[in-house]
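Here is how the chains run, residue by residue.
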Amino acid sequence: MLLTDGEDSFCGAANPDCSNSPLTVSRTDACAAAKSRGTENFVVAAMPPNRISSNLGRTLRACSGEFDREFPEGTRRPGTSYVFLGNATAEDLEAAFTDIGNQLRNLRRIY
């Protein structure tokens, strides 16, 4: 699960290799590493929709498990969502986490 409040503060155009970051890893690299281990990434943006640039939205969707793998027939339920953007209120965040919890509660058999 990735919970974010916006753009990376330490990594980005001015610091592409994250050398000045206390974490020394970018969000993109962390997402790629998690995915390479087979992790299903859920992404939640805790911020108003008008603060999500098209580039941020694109990178958050790329971080998620939304388009990563083929799901065998019947293993991915209709309506499964991996990306929850524009959660401006506590109620929005609660709804996003409830949705994720409900998805995780159901056993999914992946071949």
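Overview of the structure. Nothing here was measured: the structure is a model prediction, and the numbers come from that model.

## Structural notes on the side chain of Ser-64
Phase 1 of the analysis: Relative to the assigned elements, Ser-64 resides in the loop between α2 (54-63) and β3 (83-84).
Phase 2 of the analysis: The class of Ser-64 is buried, set by a relative accessible area of 1%.
Phase 3 of the analysis: Reaching out from Ser-64, the side chain makes a polar contact with the backbone oxygen of Arg-61 at a distance of 2.7 Å.
Phase 4 of the analysis: For Ser-64, the residues in contact, after removing those within four places along its chain, are Lys-35, Asn-41, Val-43, Tyr-82 and Val-83.

## Some points on the state of the cysteines
Phase 1 of the analysis: By the definition in use, this model includes 1 disulfide.
Phase 2 of the analysis: Between the sulfur atoms of Cys-31 and its disulfide partner Cys-63 the distance amounts to 1.8 Å. Taking the torsion about the S-S bond as the criterion, the Cys-31 to Cys-63 disulfide, at about -75 degrees, is left-handed. One end of the pair, Cys-31, is in helix α1 (residues 27-36); the other, Cys-63, is in helix α2, with 32 residues separating them in the sequence. Pair check on accessibility: Cys-31 and Cys-63 agree, each one buried.

## Side note on the packing of α1 against α2
Phase 1 of the analysis: For the pair α1 and α2, interaxial distance at closest approach is 9 Å and the crossing angle is 20 degrees. One finds that α1 runs roughly parallel with respect to α2. Crossing geometry of α1 relative to α2 is assigned as left-handed. Counting all contacts with α1, which are made through Arg-27, Cys-31 and Lys-35, the residues of α2 involved are Leu-56, Thr-59, Leu-60, Ala-62 and Cys-63.
Phase 2 of the analysis: Its residues assigned to classes, the contact of α1 with α2 shows 5 nonpolar, 1 polar and 2 charged.

How each quantity is defined
Once a new chain begins, its residue numbering starts again from 1 and follows that chain's sequence as written. Under the rules for a predicted model, residues below a pLDDT of 70 receive no local features and side-chain atom pairs below 80 are neither given nor counted, while totals for whole chains, interfaces and linings still include all residues. Only hydrogens and water are set aside; all other atoms, that is, all heavy atoms of the structure, feed into the side-chain values. Put simply, DSSP marks the helices as runs of H or I at least four residues long and the strands as runs of E at least two long, and each gets a number from the N terminus on. Throughout this description, buried means an accessible area under 20% of the type-specific maximum (1.4 Å probe, protein chains only), exposed means over 50%, and partly exposed covers the range between. Here a polar contact means two N or O atoms within 3.5 Å. Within protein one must be a hydrogen donor candidate and the other an acceptor candidate, and residues neighboring in sequence count only if both atoms are side-chain atoms. By definition in these notes, contact holds between two residues if any of their heavy atoms fall within 4.5 Å. We call a pair of cysteine sulfur atoms a disulfide when they lie within 2.5 Å. Lines fitted to the C-alpha atoms define the axes, with helices restricted to the stretch that makes contact. Angles between their N-to-C directions range from 0 to 180 degrees. To sort the angles, those under 35 degrees are grouped as roughly parallel, those over 145 as roughly antiparallel, those from 65 to 115 as roughly perpendicular, and the leftovers as oblique. Each crossing gets its handedness from the near helix: less than a right angle anticlockwise from the far helix is left-handed, clockwise is right-handed. Any residue that is not Ala, Val, Leu, Ile, Met, Phe, Trp, Tyr, Cys, Pro, Asp, Glu, Lys or Arg is counted as polar, Gly included; the first ten are nonpolar and the last four charged.

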